[in-house]
Amino acid sequence: FITIDEMGRIERVNPAVQKLFGYAPEELVGENVRILMPSPMREEHDSYLRNFRETGVRKIIGIGREVVALRKDGTCFPAELAVSEMFLGGQRYFSGVIRDISDRKRVERLQSEFISTVSHELRTPLTSIRGSLGLLSGGMLGELPEEAGEYVEIALNNSDRLVRLINDILDIEKIQSGSME
């Protein structure tokens, strides 16, 4: 939890900030909050505040969003940021709640890779099975007994359903990753 004044200077931080960013609270109080941001956000931050003070247009305030944060040691991490505006004694302040979402991002990436890998690994043998069933159904090996033909048709229809299901899973993964609308 971080509180800044309307010029972007840090007024207060809670103890969790030390663990998250590697700064002792006294190293941050009085500094501009951009110390916790990598470029290009660092250079743009004060203009966001100035624009908000002059126009009242909210680009971050009251809107949770994902950002990249910068630790004291220079490493960056993905974070979730929620900023609120408040007035105390006639002064405007902003409070920010920031959470490290590195683990969540890592799990999302692993999940996406898993879905993609499993889907592709299923598609290859399924295509072969579907092709073989299509040849059987089409009579390439001669006339099938009636009961066998019915079973081949059932298997062919189910393999078509599985192919569509795998394609849908891949499409959902692409939509979630932003590579397809």
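Details of the structure are given in the entry above.
Bear in mind the structure is a predicted one, so any value in this text is a computation, not a measurement.

Okay, the overall build of the protein chain next. Looking only at helices and strands, one finds five helices and five strands in the protein chain. When the helices and strands of the protein chain are listed from N to C terminus, the series reads β-β-α-α-α-β-β-β-α-α. Against the 2.2 N^0.38 benchmark of 16 Å for 181 residues, the protein chain shows a C-alpha radius of gyration of 28 Å, more extended than a compact globule. Along the longest, intermediate and shortest principal axes, the C-alpha atoms of the protein chain span 90 × 35 × 25 Å. Look at the contacts in the protein chain between residues 6 or more apart in sequence, and 45% of them connect residues 24 or more apart. Accessible area for the protein chain stands at about 11,900 Å²; split by element, carbon and sulfur atoms hold 55% of it.

Put simply, S39 and P40 share a cis peptide bond, and its omega is 0 degrees. Among the secondary structure elements, P40 is positioned in the loop between α2 (25-28) and α3 (41-55).

Turning next to helix α4 (residues 102-137). Between its first and last C-alpha atoms α4 spans 51 Å; for 36 residues at 1.5 Å apiece the expected length is 52 Å, and the two agree. Those residues of α4 not exposed but buried are S102, S119, L126 and L133. Among the residues trailing α4, G139 stands out with phi positive, at a value near 85 degrees.

Rules used throughout
- Residues numbered from 1 in each chain as written.
- Predicted model: local features only at pLDDT ≥ 70, side-chain atom pairs only at ≥ 80, totals over all residues.
- Heavy atoms only, no water.
- Helix = DSSP H or I, 4+ residues; strand = E, 2+ residues; numbered from the N terminus.
- Rg over C-alpha atoms; globule rule 2.2 N^0.38 Å.
- Contact = heavy atoms within 4.5 Å.
- Areas by Shrake-Rupley, 256 points an atom, 1.4 Å probe, with all protein chains shown as cover.
- Expected span 1.5 Å × (residues − 1).
- Buried < 20%, exposed > 50% of the residue type's maximum accessible area, 1.4 Å probe, protein only.

Purely geometric numbers; function is a separate question.
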